[in-house]
Each structure stands twice: as structure tokens, then as C-alpha cells.
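Breakdown of the fold
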Amino acid sequence: MSDSVRFVHAADLHLGAPFKRVQAADSRVSDALLVAGTLALGRIVDLCIDRDVDFLLLAGDVFDSATPHPSAQHAFRRAMEELNTAGIPVYMTRGNHDPGDGRYDWIDLPDNVRVFSSAQVERVLHEREGRASCAIHGWSFPSREVLDNVAKRFRRDPGDQIAIGVLHANVGDREGWDPYAPCSVVDLRDAGMDYWALGHIHLPEVVSAETPVVVYPGSPQGLDPGESGEHGCFLVEAGPGNATAEFVPTASVRWETVEVDMSDVFDAQGVRRRIMSSCQEIREGSACPVILRIELAGRTAARRLLTGADLTALVEDVTAEQMERSPWVWIDRVTNHTRPAMDVGALLSDPGFVGDLMRDVQEMIDAGQAASFVQEALESYLSKVPTEAQPDIDAESLLIAARDAALDLLVQGGE
Ligand SMILES: [Mn+2]
């Protein structure tokens, strides 16, 4: 008899979610987005079957809404039926997006699916012939807003050979995510589980690699440009007092944002080459198609080529070429944060205030006074910083950075 169980842990599928904040005129992109959510679910099901797991855990937000579209519900039911046919049970909790008080017509979900109660933490014993028995503790959101520390209600039973907790929660006050079911890693540790299957945070993260192993699998398919990087689920092997979790990608489209430095680019060809090579780099780092946002940065002589119709035409041209490669890269948006290139020589001979500023800074550097000037200017700030935390200051660079920031304000646009 094996003393461990193998399972897949996924969360935050958000089936039925519209892909917000992206306008893709190309049907290859819109079609890919349309099926990406169900495709990720399909890949999770395939993984369960291929790896012959003991069960699947879904830690909340299977649906994006408490009144999910019938097509999302049907897709889910079909996936669950496939697992039922393969003899694989599913244990799931409801999250803040699909809480217990929602309207679901999923009453005909097959018998292999067990939805945890929202009244109290439930302990379900999973037993399979020839394998270790395993207690799965879970709880569902009764309604959208839960501000109690629910983790504190979880407790390992002395009879548990292996104990797993399934919870949709914000662990460690993570900013940018709703503060629902807030708790700390210490609360999770105190419950005595071997593995915590969390949901709620959409970026994959092994919160603790030591017992109890605590994992946010993230959304199996990134839902918007903020959910960049790889997305998937975890394949877990858990025994008494130990667990290992392996990330398995399931996304069919990836979101990325990249900063492209244009500072040593001078002409249209250079601009095109630089953007093309950024796309190429992104492609090489991805196993699936990418929807890319580009942020142009740096002081550049090519700045006039990076606005209006010129930029639109360039992006269309590069995108058309990128879409023909495999996997494709779709440029969703280019934001121009570049600043005008500075002609230091011309500014130094400017007769006005700008010239004075340039000459003063230059004289200070030439006379070796940069360090004492910066020290004096920052004295009131530095006096509050403890000795061991004093920053390492490169006075000359700091002075030039301050000069350039002032010039940005003084020389409006600069062209
Ligand atoms: Mn979610």
C-alpha cells in the first residue's frame, strides 16, 4: 500500500469570464481568447487522467459569476463527467465569485463531484483501494464578502493519515486582491495540515515549500494583461508530513508586458528592429501565443517616429509579421514613455536659466564637489536613516539624474 496520494490542485478558472481590456481585430486572437478558459479546464482533466490521480481539488472561483452563463456551466459539467467516467473524484469549494448564494443549475453535476458546505468546515475522507486514506477539509464561501478568518476553523483530526485543507482566501494581506477570508501562514500552519490547496490569488505561488506545503496555483488561464507569465495548476504528491507540488502549465494564451529601451535608436529602421527583437525574445520564452503590451522607454532621437499615425502604422506592420510566426505574438498596445534626446552641448551654451543649470552642475562635477553637495542636500533625510541602512550614493549620477528631471520640466516636450 502506497503511503501517499497524488492529486491535481487548481483554482480560479473563472469560467465564463469575458477577457476585459483587450481589443483584438485579428480573429486568430479573439478565437484563441474565446476558447482559452475551457481549454485550460480540458488540460486539467487530461492531466488528471494521464497521471491517474486519486482526485482533483478545485479551490474556488470555478465560475466568474454567481449567475454563470449556461455555456460555462455546461462546459464544467462535461469536464466533470469525463472525470466521472475515469473514476476520479472532484472536491471543490466555492469562492467569492461563485458563492453558495449564487444561482447555479448545476444540480445535475455527476456523483463524483463533492461541493464543500458553506455552513462549516467539512472533513471528507477519501479512500481508494491500495492507497493511503486522506482527509480533505474544505469550506465554501456562503456569499461574496467574507471577512472572517476562516483558516482558524480548520483542524486536523487525530485520525487523519494525510490531511489536506482546501480554502479560498487572502493569505498575508496581499494587496490588489479582495481581503476575503483573511489569514496568515501561521494560521494555516496551526491547523496541522500536510498540504493547503488555496485559491483566490491568480498568480501561481508556492507560499510555503515546508510542511505544510501551501500553494496558490493561480488562474489556469491568465484572465487579463495583469495576469502575465505562466499559468497552470499543480500536480501534488502528499504523504503524512510531506508534500511535493509540481507546476503544470495549462494556459493556451499568455499575457506579457515588456519595457523596450529606445535610447540608442535613431531612425525608423532601428525602431522596427528593436520592437521586432523584443517580440522575438518574448516568443522564445513562451510555449504558447502571446498578447503583448510594449512600453517604450529612454531618451531617444527617434521620439518623433513613435507617435500618432507613424507609430500605429509601425505596430500594424510588426504585428502582421509577428502573427505569421509560431507561436504568434499579438501587440495589443504600445505606450510611449520615451523622452526627447538631449543635446548636452547645445544646452550648455543656452544663454538662459537652462544653460545656467547645465553649467552649474558641470562646474560642480568638474570641481569634485558633487559628493559634498549631495550630502548637504540630503542631510535632513539621511539623518533619519539608521547607519546600517544608509544608502550607497553615487553623487555624480544622482546629480545628473536630478538635472535631467529638472530639464524635463523646464524644456516642455523638447522638440
Ligand atoms: Mn478568483
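Reading the values: the criteria
Within any chain, residue numbers begin from 1 and follow the written order of that chain's sequence. Thresholds applied to this predicted model are a pLDDT of at least 70 for local features of residues and 80 or more for the giving and counting of side-chain atom pairs; totals over whole chains, interfaces and linings are not thresholded and use all residues. By definition, any uninterrupted DSSP run of H or I lasting at least four residues is a helix, any uninterrupted run of E lasting at least two residues is a strand, and each is numbered from the N terminus. Put simply, the radius of gyration uses C-alpha atoms, and a globule should come to 2.2 Å times the residue count raised to 0.38. Three exposure classes are used, all based on how many other C-beta atoms lie within 10 Å of a residue's own C-beta (placed from the backbone): buried at 20 or more, exposed at 12 or fewer, and partly exposed between those limits. The contact criterion used here is simple: two residues whose C-beta atoms, placed from the backbone, lie within 7 Å are in contact. Axis lines are fitted through C-alpha atoms, for helices just across the contact stretch, and the angle between N-to-C directions can take any value from 0 to 180 degrees. Any angle that is under 35 degrees is reported as roughly parallel, and any over 145 degrees as roughly antiparallel; angles of 65 to 115 degrees are reported as roughly perpendicular and all others as oblique. Note on convention: near helix rotated counterclockwise from far helix by under a right angle means a left-handed crossing. Clockwise means right-handed. Residues are sorted three ways: Asp, Glu, Lys and Arg are charged, Ala, Val, Leu, Ile, Met, Phe, Trp, Tyr, Cys and Pro are nonpolar, and all the rest, Gly among them, are polar. Here a helix's expected span is defined as the number of its residues, less one, multiplied by 1.5 Å. Arc definition: it is the arc formed by the directions from the helix axis to the C-beta atoms. The split of the chain into domains comes from an automatic or database domain assignment. Connectivity within a nonpolar core runs through C-beta atoms within 7 Å, and the core itself is a set of buried Ala, Val, Leu, Ile, Met, Phe, Trp, Tyr and Cys residues. Only strands joined by at least two bridges in the DSSP assignment are considered to pair.

1. Description of the overall build of the protein chain
On a plain count of helices and strands, the protein chain comes out with 10 helices and 17 strands. Relative to the 2.2 N^0.38 estimate, which gives 22 Å for 415 residues, the radius of gyration of the protein chain is 27 Å and therefore markedly larger than a compact globule would have. Its C-alpha atoms put the protein chain at 85 × 55 × 40 Å along the principal axes. Each of the 415 residues in the protein chain was classed as buried or not, and the buried ones make up 37%. Look at the contacts in the protein chain between residues 6 or more apart in sequence, and 73% of them connect residues 24 or more apart.

2. Focus on the packing of helix H8 (residues 370–377) against helix H10 (residues 395–410)
Taken N-terminus to C-terminus, the directions of H8 and H10 make an angle of 65°; their axes are 8 Å apart at the nearest point. In terms of orientation, H8 lies roughly perpendicular with respect to H10. For the crossing formed where H8 meets H10, the hand is left-handed. On H10, the residues that touch Ala 370, Ala 371 and Val 374 of H8 are Ala 395, Glu 396, Leu 398 and Leu 399. Looking at side-chain class alone, the contact of H8 with H10 contains 6 nonpolar, no polar and 1 charged residues.

3. Description of helix H4 (residues 268–284)
The end-to-end C-alpha distance of H4, which contains 17 residues, comes to 24 Å, matching closely the 24 Å that a straight helix rising 1.5 Å per residue would cover. Those residues of H4 not exposed but buried are Val 271, Ile 275, Ser 278 and Cys 279. Buried residues of H4 fall within an arc of 95° about the axis and therefore sit on the same side. Among the exposed residues of H4, those pointing more than 90 degrees away from its buried face are Gln 269, Ser 277 and Glu 284. Buried residues along H4 sit in contact with strand S13 (254–261), strand S14 (290–297), helix H5 (308–323) and strand S16 (329–336).

4. Points about the domain arrangement of the protein chain
By the assigned domains, the protein chain splits into domain 1 (5–249), domain 2 (254–340) and domain 3 (344–410). Taken over C-alpha atoms, the centre of domain 2 sits 33 Å from the centre of domain 3.

5. Points about the nonpolar core
Counting 97 residues, the largest nonpolar core has Leu 56, Ile 164 and Leu 198 as its most contacted members. When residues of this core are assigned to their parent elements, the largest contribution, 9 residues, is made by helix H1 (residues 27–50). A domain split of this core shows at least three residues from each of domain 1 (5–249) and domain 2 (254–340). With near-sequence residues (within four places) excluded, Leu 56 lies in contact with Phe 7, Val 8, Cys 48, Leu 83, Ile 88 and Val 90. Among the nonpolar cores identified, the runner-up in size contains 5 residues, and Met 358, Val 361, Ala 370 and Leu 399 belong to it.

6. Regarding the sheet that holds strand S6 (residues 134–138)
Read across the open sheet, the 6 strands follow the order S5-S6-S7-S8-S10-S9; overall the sheet is mixed. Strands with a single pairing partner mark the edges of an open sheet, and in this sheet they are strand S5 (122–126) and strand S9 (205–208). Direction aside, the axes of adjacent strands within the sheet are offset by 20° on average. With 3 bridges connecting them, S9 and strand S10 (residues 213–216) associate as antiparallel partners. Looking across to S10, one finds that Glu 205 is bridged to Tyr 216.

7. Structural notes on the packing of helix H7 (residues 353–366) against H10
Between H7 and H10, whose axes approach to 11 Å, the crossing angle comes to 180°. Between H7 and H10, the angle is such that the two are roughly antiparallel. Between H7 and H10, the residues in contact are Val 354, Leu 357, Val 361, Met 364 and Ile 365 and Glu 396, Leu 399, Arg 403, Ala 406, Leu 407 and Leu 410, respectively.

8. Description of the environment of Ala 86
With respect to the helices and strands, Ala 86 occurs in the loop between helix H2 (70–85) and strand S3 (90–93). Residue class for Ala 86 comes out partly exposed when judged on the 13 C-beta atoms lying within 10 Å of it. Once the C-alpha coordinates of Ala 86 and Asp 52 are considered, the two residues, 34 residues apart in sequence, prove to be 8.8 Å apart.

9. Re unusual backbone geometry
Pro 212 follows Thr 211 through a cis peptide bond whose omega is -5°. Of note, Pro 212 is situated in the loop between S9 and S10. Residue Pro 327 is bonded to the preceding Ser 326 through a cis peptide linkage, with omega at -10°. Note on placement: Pro 327 falls in the loop between H5 and S16. At Asp 12, a position not held by glycine, the phi torsion is positive, near 50°. You can call Asp 12 buried: it has 29 C-beta atoms within 10 Å.

10. Quick word on the sheet that holds S16
Pairing within the open sheet is parallel, and its 3 strands lie in the order S13-S14-S16. On the outer flanks of this sheet lie S13 and S16, each paired with one strand and no other. With strand direction ignored, the average angle separating the axes of adjacent strands in the sheet is 20°. In this sheet, S14 lies alongside S13 in parallel orientation, the contact comprising 8 bridges. If you follow Arg 254 over to S14, its bridge partner there is Val 290.

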